[in-house]
Amino acid sequence: MSELGKGAVERASTISESVEAGLRFIGMWPRCVYANVNWWTYIVSVAIVQYFQYSYVLAHFDISDLSVFVDGLSITLGYSLSFLKLINLWFNRRKLYVILNTMDKDWSDGIAVYSDVSIMIKHANLSRQCSNVMITTNALAVFFYVIGGPILRSMIQKDNRESSTRELPIKMEFPFEVDKSPIFELILIAQFLHDLSVACVIAMLNALLVTLVLHVSGQIDIMRQGFKEISTKNNASRSSLTVIKNLINRHQKIIDLSDNIEDLFSNIALLQFIWNTLVICCIGFVIVISIGTEEGATMITKSLIFYVAITLEAFVFCYAGEYLSAKSKSISDAAYECFWYDLTPSECRVLMFLMLRSQKRLTITAGKITDLSLEGFTTIMKSSASYISVLSALY
């Protein structure tokens, strides 16, 4: 067996190890041991953090001190988006299991064909690379937001020989004093670990969407390659009809898988569309008003990569929808480029129905309202920029 085939046997899945680990961590992996315990423990911890965050937001709701309020609100809204995403995933977990089972069947069917498995491995490798980049970006955002900002602030205070009360990087309102040792250090470590887990889990969900889209893309590439097998004049007519029937069956499986992905991520995409506009607006506002101030370097250090991570999150969803739509339309192009002029009239009619069906592009929508596309991403960025200008005028 070739090295390519051996690699497929070792990891016959488009799902990367990091995404699988994340799904197991929150109890969403099929047949995961203690799945309910993992899920409820984690979701309750997020809910507790949200309680203290919103307590801070309500306690510091002051238009005259808008920068502090917006700084606390940005990370709070980010947590809320994560919480709602996880709840939506829980209610649609059976759909996730169906998708994962379908992907396993695709690998089982394609593992025996070298050309098919080579295409699937190429997309699986790309999936792993994208997953690692997204998870690493979110982890770096957490480090700079929770650790980098306070370290830089302490260095500035030391240079200026100033003393001030210590502040937690993630704004929370506790019913007890937290600025004394060792309580402050313990809460700081707990915040870092919990925020790191939330960021990695959300990056895992984004990577899951990319993985599923890439898997569908791989199946489309296999289908496009199958059009080349349609018989020419020198081959039997019966083999052409057999190939076309197999292509129709594969196309239907692709449509079903795409519909399941749409059902799983449609509501999540809607939340992403709304929440990301608000979060990007809040973080952007904090960065803008921090320029030229005494603590500007601290605020920009902890917020800039967070801003990049949130923007990347919105871009990933929109690009995934755009990529899936463009890829699905390539099926009809591949059908037209095959040797259809050598087929019988009845075979051409069957092939024409396949081409007509492929004209209805596959897509991912935001709550069944609008398609995810790069145009939607520009809408998010334009809306965020408009809100930033309004907040800057109020400030």
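This text goes with the structure placed above it.
These numbers come from a predicted model, not from an experiment.

Here is what the cut-offs are and how they apply
- Residues numbered from 1 in each chain as written.
- Predicted model: local features only at pLDDT ≥ 70, side-chain atom pairs only at ≥ 80, totals over all residues.
- Heavy atoms only, no water.
- Helix = DSSP H or I, 4+ residues; strand = E, 2+ residues; numbered from the N terminus.
- Buried < 20%, exposed > 50% of the residue type's maximum accessible area, 1.4 Å probe, protein only.
- Contact = heavy atoms within 4.5 Å.
- Areas by Shrake-Rupley, 256 points an atom, 1.4 Å probe, with all protein chains shown as cover.
- Axes fitted to C-alpha atoms, helices over the stretch in contact; angles between N-to-C directions.
- Parallel < 35°, antiparallel > 145°, perpendicular 65-115°, else oblique.
- Left-handed = near helix turned anticlockwise from the far one by under 90°.
- Nonpolar A, V, L, I, M, F, W, Y, C, P; charged D, E, K, R; others polar.
- Expected span 1.5 Å × (residues − 1).
- Arc of directions from axis to C-beta.
- Phe/Tyr/Trp six-rings, centres within 6.5 Å; stacked < 30°, edge-to-face > 60°.
- Lys NZ or Arg CZ within 6 Å of the ring centre and 35° of its normal.
- 1 Å grid on protein atoms, 1.4 Å probe; cavity = no way out; pocket = protein on both sides within 12 Å on 5 of 7 lines; lining within 4 Å.
- Points joined across faces, edges and corners; volume = space filled by probe spheres on them.
- Disulfide = S-S within 2.5 Å.
- Salt bridge = Lys/Arg side-chain N within 4 Å of Asp/Glu carboxyl O.
- Core = buried A, V, L, I, M, F, W, Y, C linked by side-chain atoms within 4.5 Å.
- Patch = residues over 30% accessible without salt bridge, like charges linked within 9 Å, V, L, I, M, F, W, Y side chains within 5 Å.

Peer 1: I keep staring at the overall build of the chain and nothing clicks. Help me out?
Peer 2: When helices and strands are tallied, the chain shows eleven helices and two strands. Of the regular secondary structure in the chain, the N- to C-terminal order runs α-α-α-α-α-α-α-α-α-α-β-β-α. Taken over 395 residues, the chain has a buried fraction of 50%. A fraction of 80% describes how many contacts in the chain between residues 6 or more apart in sequence connect residues 24 or more apart. For the chain, the accessible area works out to roughly 19,400 Å², and carbon and sulfur atoms hold 62% of it.

Peer 1: When you look at the packing of helix H2 (residues 17-25) against helix H7 (residues 183-226) in this model, what are you seeing that I'm missing?
Peer 2: When two helices pack together, their arrangement is given by the angle between the helix axes and the distance between those axes. Closest axis-to-axis distance for the H2/H7 pair is 9 Å, and the angle between their directions is 120°. What the angle tells us is that H2 and H7 run oblique. When you trace H2 past H7, the crossing you get is left-handed. The residues of H7 that touch H2, namely those facing Ser18, Val19, Gly22, Leu23 and Phe25, are Ser197, Val201, Met204, Ala207 and Leu208. Taken together, the residues that form the contact of H2 with H7 break down as seven nonpolar, three polar and no charged.

Peer 1: So what exactly am I meant to see when it comes to helix H10 (residues 345-358) here?
Peer 2: Residues lying three or four places apart along an α-helix face the same way, a consequence of the helix completing one turn every 3.6 residues. The first and last C-alpha atoms of H10 sit 20 Å apart over 14 residues, in line with the 20 Å expected at 1.5 Å per residue. Of the positions making up H10, those classed as buried are Glu347, Leu351, Leu354 and Ser358. The buried residues of H10 occupy an angular sector of 50° when the element is viewed end-on, so they sit on one face. For H10, exposure combined with an orientation more than 90 degrees from the buried face picks out Pro345, Phe353 and Leu356.

Peer 1: What exactly am I supposed to notice about the side chain of Ser197 here?
Peer 2: Among the structural elements, Ser197 can be located in helix H7. The buried category is assigned to Ser197, whose relative accessible area is 16%. Apart from residues lying up to four places away in sequence, Ser197 is in contact with Phe25 and Tyr42.

Peer 1: Help me understand the packing of aromatic side chains, please; the structure alone is not making it clear to me.
Peer 2: Think of a pair of aromatic rings as described by two things: how far the centres are apart, and how the planes are tilted against each other in angle. This model, assessed by the stated rule, comprises eleven aromatic pairs. On the numbers, 5.6 Å between centres and 20° between planes, the contact of Phe315 with Tyr319 is stacked. Taken together, the residues span about one helical turn, with Phe315 and Tyr319 both in helix H9 (residues 296-337) at a distance of four residues. Members of the aromatic cluster, each reached through a chain of ring pairs, are Tyr51, Phe52, Phe174 and Phe176. When the ring centre of Trp90 is taken as origin, the NZ or CZ atom of Arg93, which lies over that ring, is 3.8 Å away.

Peer 1: I'm lost on unusual backbone geometry in this one. Help?
Peer 2: Phi is mostly negative for residues that are not glycine, and the peptide bonds are mostly trans. Residue Pro182 is bonded to the preceding Ser181 through a cis peptide linkage, with omega at 0°. Note that Pro182 resides in the loop between helix H6 (114-160) and H7. Residue Tyr34 is not a glycine yet carries a positive backbone phi of 60°. As for its position among the elements, Tyr34 is in the loop between H2 and helix H3 (35-59).

Peer 1: Would you mind showing me how to read empty space enclosed by the protein here?
Peer 2: Empty pockets left among the atoms are what a rolling probe the size of a water molecule brings to light. Under the defined criterion, the tally for this structure stands at six cavities of 30 Å³ or more. Within this model, the largest cavity holds a volume of roughly 250 Å³. As for the largest cavity, its lining consists of 18 residues, of which Ser82, Asn138, Ala199, Phe306 and Ile310 are closest to the centre. Among the secondary structure elements, those contributing two or more residues to the lining of the largest cavity are helix H4 (66-91), H6, H7 and H9. For the lining of the largest cavity, the leading source of residues is H4, giving six residues.

Peer 1: How do you make sense of the state of the cysteines when you look at a structure like this?
Peer 2: In a disulfide, the sulfur atoms of two cysteines are covalently bonded to one another. Here the structure, examined in full by the defined rule, presents zero disulfides. As a non-bridged cysteine, Cys282 has Cys281 as the owner of its nearest cysteine sulfur, 5.2 Å distant. Owing to a relative accessible area of 6%, Cys282 belongs among the buried residues under this scheme.

Peer 1: What should I look at first to understand the pattern of salt bridges in this one?
Peer 2: Once the charged atoms of two side chains with opposite charge are near each other, the side chains can pair. In this structure the tally under the stated criterion is nine salt bridges. Here Lys327 and Asp221 are joined by a salt bridge, their closest N and O atoms 2.9 Å apart. Of this pair, Lys327 sits in helix H9 while Asp221 sits in helix H7, and the two are 106 residues apart along the sequence. Here Lys327 and Asp221 have matching classes, each one buried.

Peer 1: How should the nonpolar core be read in this particular structure?
Peer 2: In globular proteins that are soluble, nonpolar side chains generally tend to be buried together. Counting residues in each nonpolar core, the largest one holds 102 residues, and the members touching the most others are Phe227, Ile230, Ile261 and Phe265. The element that contributes the greatest number of residues to this core is helix H8 (residues 237-290), accounting for 20 residues. Ignoring any residue separated from it by four or fewer positions in sequence, one finds Phe227 in contact with Leu247, Ile331, Ala334, Ala335, Cys338, Leu351 and Leu354.

Peer 1: Please clarify how a nonpolar patch on the surface should be interpreted in this entry.
Peer 2: A contiguous nonpolar surface patch, about 450 Å² in accessible area, is contributed by Tyr336, Phe339, Trp340 and Tyr341. By secondary structure assignment, the location of Tyr336 is in helix H9. Take Tyr336: its relative accessible area is 54%, and that puts it in the exposed class.

So far we have only geometry, and geometry alone does not tell us how the molecule works.
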